[in-house]
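Below, each chain spelled out in residue letters.
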Amino acid sequence: MQGYPRTRTAAPAPRQVPYRARRARSAIAMLAVLGAVSSGCTGANPDDDSSLKFHGSASRFPTRWPIKHVVFIIKENRSFDSLFGRFPGADGATYGWDRDLRRKLTRGTSGRVPHDLPHDRQAALLAYDGGKMDGFGVRAGKFYAYTQLYPDQLPNYWHWAKEFVLGDRFFASVNGPSFPNHLMTIAATSGGTVENPDPPPSDDRGNYKTWGCDAPKSELVPVEDTEGRIQLLPPCFDFSTEGDLLSKEDIPWAYYAAPPVRWDQSPRSGYIWSAYAAVRHIRDDPKQWHRHVFPVQQVMDDIRNDRLPPVTWITPQFALSEHPEYSFCHGENWTTQLVNAIMQSPMWSDTAIFVTWDDWGGFYDHVAPPQVDKFGLGIRVPFLVISPYAKDGFVDHRRGEFSSVLRFIEDNWGLTQLTKRDRQAGNLHEAFDFHQDPRPPDPRPERTDCVGPTFSPAPPKAFKPIGPAPSPLPTPTSVPP
C-alpha cells in the first residue's frame, strides 16, 4: 500500500463566473448537428456517412469551465466495495455482514462468474435491509456476493483512481437494476420504474431483445405513479432528456450503444442499455434517432477522427460491459481503448471523462445509500473522473449520483434542469482544478491476462440468477389492454 498519492479532503473549487448560453439558432450551429444513415429500426449505420456527424471545433460553444467535451461511460453491475474496497484513503471494506455473520470479502475473479447475481428491485431492498446493508446473501450465492477484486485484477481502473479522481460516495440513482438507472443517466428520472421490463413470451419476442419503444406489445414494465399505484406499461416514455436540453441550445450530442442484433447473438448485443430507445420522441422519429444514436462499434473510429460532439454517452456491447457472467478483463480492456483513444486525440486537452457502473449487480457494499425519495438512492457504485483538469490522486467524499453528471453538463453549458434530482445534485466541481496546467495524456497498456475469446457465449444457465426466485410483484392496479 506504499507509494500512493496522499488523499486530500474535498474542498470547493475556486468560484467561477456562471454562464448561461442563450444564442439564436444559426446556420453554423445547424451544420454541427449529428447525423447517421441507418435503415429500418436497427439503429445501424451501414454506409457510415461521416459527413453527417459532428465536425468542427467544440470550442465554439461557450462553457463555464474549460471543458468542451464530456464523455459519460456507463458499465455494468459492480458495487464500490467489489472494485475499490481496498483502495487507500477511500471508504472501502474488506469484510461484510451477512445478517449476523461477519464475512471476509474474498478474492473474486476478473474473468467470468458462472451465474448472474440477483439484482432486481427486491434483491436491492433485501441487500439494503433498512440501512443495515446485511442482506446481500439472502438471494445471491454468498461466495459471489461477498467477493471483491484486488488491485492486480483491475490494473487500469486502479491506476486511474490513483492518478485522477475516485468518488467513494457515488450511488446508483435508483435502488434497483439497469433499466431505471440507465434512464436516470439521460433524464434524471426513471419514469416511475424501479425494475427491468419483463421479457415477452418466446413466441412474441420479436427479432431482438429490447427495452424500448420497439419492444413487442406483450413486453411491459411496472411503473409506479405519483399515488403509489403500480401499472404494467410498455417500456416507452416521453419525458424530457438531457439531449433535449442540449438540442434546444443547438449543442450537438451523441449516444453510442449496441444496435439490435438477433437473439442468438447476445454477446454482441447490449441494445437493452440504449436508453434513448425508450424515449418515444427520439426512438420513433427517424431524424432524431439517426442524428443522435450510433452503433458503439463506431465510437473508436469517431474519436480518432475527431467526430465526438460536446456531449457523448457511451454504453458497451454486452460482452464488454463487465456484467459478471462475462469477462471483467475484456471489459476493462475496452474501457482502456476508449480512454487511450481520447487521450491520444486533440480533444483530450478539454475533456472530462466520467466512468461509472449502472448498479451494484448483487455485490456487497457496506455504505447505506441515503434515501432521497421512494426510488433511491441505490447501492453505491464506483465513479472515476479522468481529465487533464482532474485533481491528482483525489478521493472525492461528496455525495453524487447519475444526476450529478447531468448537473455538470447543465452548469457547464448553461442549461436548465430536468427534475428535482438534477436540481438538488452537486455538479462535481470539487473533482477538478481548473486553474492547474492541463495534465498530459497517460495512456495505459491493455491487459494480456484475459482468458478466452471476448465474444464467447455465456454458459447456458448464466442468466438464471443464483438463489430462489423473487416474490411476485404487487398486483397491478391497472393493466393496459
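Residues numbered from 1 in each chain as written. Predicted model: local features only at pLDDT ≥ 70, side-chain atom pairs only at ≥ 80, totals over all residues. Heavy atoms only, no water.

Let us look at the overall build of the chain. A count of helices and strands for the chain gives 13 helices and 14 strands. Considering the chain as a whole, with its 481 residues, one finds that 60% of them fall into the buried category. Of the contacts made within the chain by residues no fewer than 6 positions apart, 79% connect residues no fewer than 24 positions apart. About 18500 Å² of surface is accessible on the chain, with carbon and sulfur atoms providing 53% of the total. (Helix = DSSP H or I, 4+ residues; strand = E, 2+ residues; numbered from the N terminus. Buried < 20%, exposed > 50% of the residue type's maximum accessible area, 1.4 Å probe, protein only. Contact = heavy atoms within 4.5 Å. Areas by Shrake-Rupley, 256 points an atom, 1.4 Å probe, with all protein chains shown as cover.)

Omega for the peptide link from Gly376 to Leu377 comes to 25°, which places this bond in the cis form. Of note, Leu377 is situated in the loop between β12 (351-357) and β13 (383-386). Notably, Arg99 is not glycine yet its phi reads approximately 55°, a positive angle. Along the chain, the position of Arg99 falls in the loop between β2 (95-98) and β3 (101-104). Even without a glycine there, the phi angle at Asp306 is positive, about 55°. You can see Asp306 is positioned in the loop between α10 (299-304) and β11 (311-314). Asp306 gets classed as partly exposed once you look at its relative accessible area, which sits at 32%.

Now for the state of the cysteines. If you walk through the whole model with that rule in mind, you get two disulfides. Note that Cys213 is cross-linked by a disulfide to Cys236, the S-S spacing being 2.0 Å. As the torsion about the S-S bond is roughly 90°, the Cys213-Cys236 disulfide counts as right-handed. With Cys213 in the loop between α6 (178-187) and β7 (221-224) and Cys236 in the loop between β8 (230-233) and α7 (242-248), the pair connects residues that are 23 residues apart, well separated along the chain. When sorted by exposure, Cys213 lands in the same class as Cys236, which is buried. Between the sulfur of Cys329 and that of Cys450 lies a disulfide, 2.0 Å long from S to S. (Disulfide = S-S within 2.5 Å.)

For the structure shown, the criterion picks out 23 salt bridges. Between Asp152 and Arg107 there is a salt bridge; the shortest N-O distance is 2.7 Å. Residue Asp152 is located in the loop between β5 (147-148) and α5 (155-163), and its partner Arg107 is located in strand β4 (residues 106-107); the two are separated by 45 residues in the primary sequence. With relative accessibility at 42%, the residue Arg107 sits in the partly exposed group. The salt bridge partner of Arg280 is Asp284, with a shortest N-O separation of 3.6 Å. A residue is classified by how much of its surface remains accessible, and Arg280, at 39% relative accessible area, is partly exposed. Salt bridges here are not isolated pairs; linked through shared partners, they connect Lys53, Asp301, Asp302 and Arg307. (Salt bridge = Lys/Arg side-chain N within 4 Å of Asp/Glu carboxyl O.)

Going through the model one piece at a time under the given rule, you end up with five cavities of 30 Å³ or more. Each pocket or cavity is described by its volume, and for the second largest cavity that value is around 60 Å³. The wall of the second largest cavity is formed by 13 residues, among which Gly167, Phe383, Asp396, Arg398 and Leu428 lie closest to the centre. Taken together, the residues of the lining of the second largest cavity sort by class into five nonpolar, two polar and six charged. (1 Å grid on protein atoms, 1.4 Å probe; cavity = no way out; pocket = protein on both sides within 12 Å on 5 of 7 lines; lining within 4 Å. Points joined across faces, edges and corners; volume = space filled by probe spheres on them. Nonpolar A, V, L, I, M, F, W, Y, C, P; charged D, E, K, R; others polar.)

The subject of this paragraph is the packing of aromatic side chains. Taken as a whole, this structure holds 32 aromatic pairs when the rule is applied. Judged by centre distance (5.8 Å) and plane angle (45°), the rings of Tyr389 and Phe434 are tilted. A residue pair is termed long-range when its members are at least 10 positions apart, and Tyr389 in the loop between β13 and β14 (394-396) and Phe434 in the segment after α13 (420-424) qualify at 45 residues. Residues Tyr389 and Phe434 agree in their burial class; the two are buried. Here a set of aromatic residues connected by ring pairs shows up, and it is made of Trp65, Phe170, Phe354, Phe383, Tyr389, Phe402, Phe408, Phe432 and Phe434. When the ring centre of Trp289 is taken as origin, the NZ or CZ atom of Arg283, which lies over that ring, is 3.9 Å away. (Phe/Tyr/Trp six-rings, centres within 6.5 Å; stacked < 30°, edge-to-face > 60°. Lys NZ or Arg CZ within 6 Å of the ring centre and 35° of its normal.)

Further remarks concern the pairing of β13. Working note: regular strand, side chains alternate between the two faces of the sheet. The alternating pattern of β13 places Phe383 and Val385 and Leu384 and Ile386 on opposite faces, both of which are buried. Sheet topology places strand β6 (residues 165-167) next to β13; three bridges connect them, and they run antiparallel. By the bridge assignment for β13, Val165 is matched with Val385. Here four bridges tie β12 to β13, and the two strands are oriented antiparallel to one another. (Pairing = 2+ DSSP bridges.)

A separate point is the side chain of Gln298. Tracing the backbone through its elements, the reader meets Gln298 in the loop between β10 (293-295) and α10. For Gln298, the side chain forms a polar contact with the side chain of Lys53, separated by 2.6 Å. (Polar contact = N/O pair within 3.5 Å; in protein donor to acceptor, adjacent residues only side chain to side chain.)

The next subject is the layout of surface pockets. One number sums up the size of the second largest pocket: a volume of about 250 Å³. As for the second largest pocket, its lining consists of 15 residues, and the residues nearest its centre are Ala188, Thr189, Asp373, Phe375 and Arg421. Per-element tally for the lining of the second largest pocket: the top contributor is α13, with three residues. Taken together, the residues that form the lining of the second largest pocket break down as five nonpolar, six polar and four charged.

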